[in-house]
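Here's the letter readout for the chains.
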Amino acid sequence: MNRRQFLRDSALASASVALMGAVRFAAHAESALTDSRIEVLLDEPLGTISANIYGHFAENLSGVLYDGVWVGTGSKVPNVDGFRKDLIEQMRKIKAPVVRYPGGCFADSYDWQDGIGPPDQRPRRTNFWAGETSAKSPTSHSYDPNQVGTNEFVHFCRLIGAEPYLAANVRSLPPEAFYRWVEYCNSPAHSTTLADMRAKTGYAEPFHVRFWGVGNESWGCGGDFTPQEYAVEFRRYSSWLPSYGEHLSLVASGPADDDWNWTHDFFEEIVRKGAGQIERIYGLALHHYAWNLSRGRTQDWVAGKGDALQFEAIDWYELLKQGDQMETLVNGHWQSMEEFDHDHHVKLVVDEWGPWYRPGSEATPSDLLEQTPTLRDAVFSAMTLDTFNRHPEKIAMANCAQLINCLNSLYLAHEDQFVVTPVGHVFGMYAPHQGGQAVRTIFSSPSVHYDRDGKPASFWGLRGSASLRDKDLTLTAVNPHVSDARDTEIVVHGAAAKSGNITTLTHSDIHAHNTFQQREVVVPQTKALAVNGKALVLRLPPASVTSIQIQLV
Ligand code: AHR
């Protein structure tokens, strides 16, 4: 579409809106100057956005748990019962709904029994990631002191107001360990020996843990199973679990990226024992990392990676493109599940997602898999959350990998230093979507065109999502263009607007990021919107994330 065509289409669309009597608070005279358009269709609900798609992931991996989340009760770092105070405050602010723990790959080598009882009597164990940590890493990163165990993690979740999502060990512990962990967490006060052990350490009442992962990446670090083998294990691990009146929500280890075979073969084997087996599954995990910035030169996991901080515009688009595959993956796996799960009892749980760069940008150099998120990662994260919002009927939960000091971190911390990354700010801007009613929204904008090693390549020009809670409309949008603003006309069909505000996250430098020294380089800016009049035309800056809150009459 060229500019002329777009303007003609906009004019026609505006005329038809007026004719239908829809309430419109969009540009009139200014529309000739716009190049983009967003139409929110309040009468076309898509489903309720599960708050849990705004979930987190905190693995016992290098600086995530020890230093990031836990500083210890005797620490000089401000803490609440040993947990970093800054982190608690920030997570409350963004209304963190759920946290996945203890892994990741770590989960399939973890024995939960090492993390209960008096902390000073707990064993030290070799961490799954010990072989990868640097000589300069603190000992706790290689040899797990088990100071954070089940009690402590559940306590942390309570401090931030989130639900725990625990991943059970399928690779190296038997099903008994799984159901005993459930018993430890959920059996009523004084009912079992494990409930008494829990009470002895200060927690008489059950934890009511609902979400349980049955292994992690069972196709790889979680046991190197085939999908058929894993399905057999899943049936065994889920054959009997004590429920104590709790509806346990079991998440099966699912595919990475576009491994359609995993999804198909797993379900095919599950139903071999009858279609009823499907009812045991709450969600199928899906993992998708954007990591290959080699532009097709290699599929090598190490060689294909790009840098978190040093990149060109082309790397920006290439990364977004890989992240944008999420939509195809959600639709594709959903379709594949339908063959066996006709009523879609099982939902998708995207419990690991985000960009993954090569080492080199760590805020704390000895932290494994730590990277410094930039504006690019904020745009990536916003785009991903918008994708989830657009599929509320399919996605029950998602967990950004990871919460702090690892990959797509919302926060970076080391000792008494703490900073909110641009990704953390996106979670704050998008929080009003949680539990909202997603409504269909049409985004029209010229595509981005770029040169990909001599060949033309393109990416969409403007996308986002919208949701409604009572009379509050939240509209979020991403302008991925590194240099062009989008002059956007916004039309809401189905209601009039009373007031509103707009929050923008952007920077003139696409590499911009926050550091311990400069903590406010990329921060959201909010201002009131004059929506009382009939016109709403907004300039969405290049490389930006926008969240618009509109109160409807
Ligand atoms: O998030 C880091 C690692 O990536 C997780 O431990 C694993 O599940 C995935 O491969």
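Residues numbered from 1 in each chain as written. Predicted model: local features only at pLDDT ≥ 70, side-chain atom pairs only at ≥ 80, totals over all residues. Heavy atoms only, no water.

(A) Structural detail: the overall build of the chain. Secondary structure assignment for the chain yields eleven helices and 25 strands. Since a compact globule built from 553 residues should have a radius of gyration of about 24 Å, the 24 Å found for the chain is in line with a globular shape. Taking the principal axes of its C-alpha atoms as reference, the chain extends roughly 75 × 55 × 50 Å. A total of 553 residues make up the chain; the buried ones form 61% of that total. Long-range pairs, those at least 24 residues apart, make up 78% of the contacts in the chain with a sequence separation of at least 6. (Helix = DSSP H or I, 4+ residues; strand = E, 2+ residues; numbered from the N terminus. Rg over C-alpha atoms; globule rule 2.2 N^0.38 Å. Buried < 20%, exposed > 50% of the residue type's maximum accessible area, 1.4 Å probe, protein only. Contact = heavy atoms within 4.5 Å.)

(B) Representation of the side chain of Asp307 in the model. The topology assignment puts Asp307 in the loop between β11 (283–290) and α9 (313–338). According to the relative accessible area criterion, Asp307 is buried, its value standing at 16%. Within the structure, Asp307 has its side chain in polar contact with the backbone nitrogen of Gln310 (distance 3.0 Å). Contact partners of Asp307, with chain neighbours within four places excluded, come to Tyr357, Arg358 and Arg376. (Polar contact = N/O pair within 3.5 Å; in protein donor to acceptor, adjacent residues only side chain to side chain.)

(C) Geometry of the pattern of salt bridges. In the structure shown here, the tally under the stated rule is 25 salt bridges. In this structure, the salt-bridge partner of Arg440 is Glu44, at a minimum N-O distance of 2.7 Å. Taken together, the residues span a long stretch of sequence, with Arg440 in strand β16 (residues 437–444) and Glu44 in strand β1 (residues 36–48) at a distance of 396 residues. With a relative accessible area of 36%, Arg440 lands in the partly exposed category. A residue is classified by how much of its surface remains accessible, and Glu44, at 35% relative accessible area, is partly exposed. Within the structure, one salt-bridge network assembled from shared partners comprises Arg295, Arg297, Asp315 and Asp453. (Salt bridge = Lys/Arg side-chain N within 4 Å of Asp/Glu carboxyl O.)

(D) Here's a closer look at the packing of aromatic side chains. Counted according to the given criterion, the structure contains 31 aromatic pairs. When the centroid spacing of 4.8 Å and the interplanar angle of 75° are considered together, the rings of Tyr289 and Trp356 count as edge-to-face. On the criterion of sequence distance, the pair formed by Tyr289 in strand β11 and Trp356 in the loop between β12 (347–355) and α10 (375–389) is long-range, its members being 67 residues apart. We note that Tyr289, like Trp356, is buried. Ring-pair connections join several aromatic residues into one group, and the members of that group are Phe106, Tyr110, Trp112, Phe178, Trp181, Tyr184, Tyr203, Phe207 and Trp212. Between Arg198 and the ring centre of Phe207, over which it is positioned, the NZ or CZ distance is 5.9 Å. The ring of Trp301 has Lys305 sitting right over it, with the charged end atom 3.8 Å from the ring centre. (Phe/Tyr/Trp six-rings, centres within 6.5 Å; stacked < 30°, edge-to-face > 60°. Lys NZ or Arg CZ within 6 Å of the ring centre and 35° of its normal.)

(E) Up close: the pairing of strand β5 (residues 98–101). In β5, alternate side chains face the same way, and those of Val98 and Arg100 on one face and Val99 and Tyr101 on the other are all buried. Pairing between strand β2 (residues 55–57) and β5: two bridges, direction parallel. Bridged to Phe57 within β5 is Arg100. (Pairing = 2+ DSSP bridges.)

(F) Highlighting the nonpolar core. Core analysis: the largest hydrophobic core is formed by 130 residues, its most contacted members being Trp212, Phe266, Trp353 and Tyr411. Of the residues forming this core, the biggest block, ten residues, is contributed by α9. If we ignore the near neighbours within four places in the chain, the residues touching Trp212 are Tyr165, Leu166, Phe178, Trp181, Val182, Cys185, Asn186, Leu248, Ser249, Leu250 and Val251. Membership of the second largest hydrophobic core comes to 24 residues, among which are Ala477, Leu538, Leu540 and Ile548. (Core = buried A, V, L, I, M, F, W, Y, C linked by side-chain atoms within 4.5 Å.)

(G) Region of interest: the site of the ligand. Taken together, Phe57, Glu59, Gly104, Cys105, Trp129, Asn216, Glu217, Tyr289, Glu352, Trp356, Gln402 and Leu407 make up all the residues around the ligand. Cys105 has a polar backbone atom sitting 2.9 Å from an oxygen atom of the ligand. The side chain of Glu352 places a nitrogen or oxygen atom 2.7 Å from an oxygen atom of the ligand. Here the ligand, which alone exposes 280 Å², has 93% of that area covered by the protein. Residue classes in the shell around the ligand are distributed as six nonpolar, three polar and three charged. (Near = heavy atom within 4 Å. Areas by Shrake-Rupley, 256 points an atom, 1.4 Å probe, with all protein chains shown as cover. Nonpolar A, V, L, I, M, F, W, Y, C, P; charged D, E, K, R; others polar.)

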